[in-house]
Amino acid sequence: DAGITQSPRHKVTETGTPVTLRCHQTENHRYMYWYRQDPGHGLRLIHYSYGVKDTDKGEVSDGYSVSRSKTEDFLLTLESATSSQTSVYFCAISETRDHSPLHFGNGTRLTVT
Amino acid sequence: SQELEQSPQSLIVQEGKNLTINCTSSKTLYGLYWYKQKYGEGLIFLMMLQKGGEEKSHEKITAKLDEKKQQSSLHITASQPSHAGIYLCGADSNAGKSTFGDGTTLTVKP
């Protein structure tokens, strides 16, 4: 299994509070991604990174920011959590931009009350 | 943008039966991936297809990409309870991104 660890695995937070989710990989892959998975919407890309300090927005980036200061760590921050951000968040990594599969972490279940 | 449509949305089969899941793209596929997800877990990569007409197998699961590279099928032979889960297809799209189908939920009744 690809070495991808997400933390925390579960979190409950209140509306308006900042939240940071962490993704740590031991594969030295260049590309890292944050997705959210919701019933009826499937997997949607939030942000991705193609190297240290190189990040870009996905299709649902509003209300989220990311940082990648080291190859192995990719952080997702909800600046001021809202109930619409209640979701399961997955981190994924890939070796190349195209023609290589994604390897996923086990997810973080976030509930915003 | 590229869209992937999976069918059926859900499937209930008796153990030992064969089944097929389809994934249809609105555009030519340059990389098609099949993943499996169990409840509460992340997606596990199953197979990657790139060439028209390509077919790959792993244990009792076979995936094919049609010649026109716009449709893929996942076939499970002699299904077992361990095959239960959600199957998703994914495709390379813009740089560094992937798009996914909505998934097919498979239940295998013993």
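Residues numbered from 1 in each chain as written. Chains lettered and ligands numbered in written order. Predicted model: local features only at pLDDT ≥ 70, side-chain atom pairs only at ≥ 80, totals over all residues. Heavy atoms only, no water.

**Topic: the overall build of chain B**
Move 1: Along the backbone of chain B there are zero helices and 11 strands.
Move 2: Each helix (α) and strand (β) of chain B, taken in turn from the N terminus, gives the series β-β-β-β-β-β-β-β-β-β-β.
Move 3: Here chain B has a C-alpha radius of gyration of 13 Å; the compact-globule value for 110 residues is 13 Å, and the two agree.
Move 4: Within chain B, buried positions represent 45% of all 110 residues.
Move 5: Restricting to contacts in chain B with at least 6 residues of sequence separation, those with at least 24 account for 53%.
Move 6: Of the roughly 5600 Å² of accessible surface on chain B, 47% is carried by carbon and sulfur atoms. (Helix = DSSP H or I, 4+ residues; strand = E, 2+ residues; numbered from the N terminus. Rg over C-alpha atoms; globule rule 2.2 N^0.38 Å. Buried < 20%, exposed > 50% of the residue type's maximum accessible area, 1.4 Å probe, protein only. Contact = heavy atoms within 4.5 Å. Areas by Shrake-Rupley, 256 points an atom, 1.4 Å probe, with all protein chains shown as cover.)

**Considerations on the overall build of chain A**
Move 1: Secondary structure summary: chain A contains zero helices and 11 strands in total.
Move 2: In summary, chain A has a C-alpha radius of gyration of 13 Å against a globular reference of 13 Å for 113 residues, a match within 12%.
Move 3: C-alpha atoms of chain A, sized along the principal axes, occupy 35 × 30 × 25 Å.
Move 4: Of all 113 residues assigned to chain A, the portion counted as buried reaches 50%.
Move 5: Pairs at least 24 apart in sequence give 54% of the contacts found in chain A among residues at least 6 apart.
Move 6: Just so you have it, chain A exposes about 5400 Å², and 44% of that area is on carbon and sulfur atoms.

**As for the state of the cysteines**
Disulfide: a covalent bond formed between the sulfur atoms of two cysteine residues.
All names here are of chain A.
Move 1: Applying the stated criterion across every chain yields a total of two disulfides over all chains.
Move 2: The disulfide partner of Cys23 is Cys91, and the gap between their sulfur atoms is 1.9 Å. Since a negative S-S torsion denotes a left-handed disulfide, the Cys23-Cys91 link at about -70 degrees is left-handed. Of the two residues, Cys23 is situated in strand E3 (residues 19–25) and Cys91 in strand E9 (residues 87–94); the sequence distance between them amounts to 68 residues. Each member of the pair, Cys23 as well as Cys91, is classed as buried. (Disulfide = S-S within 2.5 Å.)

**Remarks on the sheet that holds strand E7 (residues 64–70) of chain A**
Residue and element names in this part refer to chain A.
Move 1: The four strands lie next to each other as E1-E3-E8-E7, forming an open sheet whose pairing is antiparallel. Two strands bound the open sheet, and with one partner strand each, they are strand E1 (4–7) and E7. Averaged over all pairs of adjacent strands, the angle between strand axes in this sheet comes to 20 degrees, irrespective of strand direction.
Move 2: Examined bridge by bridge, E1 and E3 share four bridges and lie antiparallel to one another. (Pairing = 2+ DSSP bridges. Axes fitted to C-alpha atoms, helices over the stretch in contact; angles between N-to-C directions.)

**What about the interface of chain B and chain A?**
Move 1: Facing the 21 residues of chain B at the interface are 22 residues of chain A.
Move 2: Of the roughly 1700 Å² buried between chain B and chain A, counting both surfaces, carbon and sulfur atoms make up 55%.
Move 3: Our enumeration of links across chain B and chain A arrives at zero salt bridges.
Move 4: The tally of links between chain B and chain A comes to nine residue pairs in polar contact (both at pLDDT 80 or more).
Move 5: Of all the secondary-structure elements, those providing two or more residues to the side of chain B that touches chain A are strand E4 (32–37), strand E5 (43–49), strand E9 (85–92) and strand E10 (98–100) of chain B.
Move 6: Taken together, the residues that form the side of chain B that touches chain A break down as 10 nonpolar, seven polar and four charged. (Buried area = accessible area lost by both parts, 1.4 Å probe. Salt bridge = Lys/Arg side-chain N within 4 Å of Asp/Glu carboxyl O. Polar contact = N/O pair within 3.5 Å; in protein donor to acceptor, adjacent residues only side chain to side chain. Nonpolar A, V, L, I, M, F, W, Y, C, P; charged D, E, K, R; others polar.)

**Quick notes on the environment of Gln70 of chain B**
Residue and element names in this part refer to chain B.
Move 1: For Gln70, the position within the fold is in the loop between strand E7 (61–65) and strand E8 (71–76).
Move 2: Assessed through its relative accessible area of 30%, Gln70 is described here as partly exposed.
Move 3: Discounting residues that sit within four places of it in the chain, Gln70 has contacts with Cys23, Thr24, Ser25, Ser26, Lys27, Thr28 and Leu29.

**Remarks on the side chain of Lys36 of chain B**
Residue and element names in this part refer to chain B.
Move 1: For Lys36, the position within the fold is in strand E4.
Move 2: At 8.5 Å, Glu41 is the nearest oppositely charged side chain to Lys36, a buried residue that forms no salt bridge.
Move 3: A polar contact is formed between the side chain of Lys36 and the backbone oxygen of Ser82, at a distance of 2.6 Å. (Lys, Arg positive; Asp, Glu negative; His and termini not counted.)

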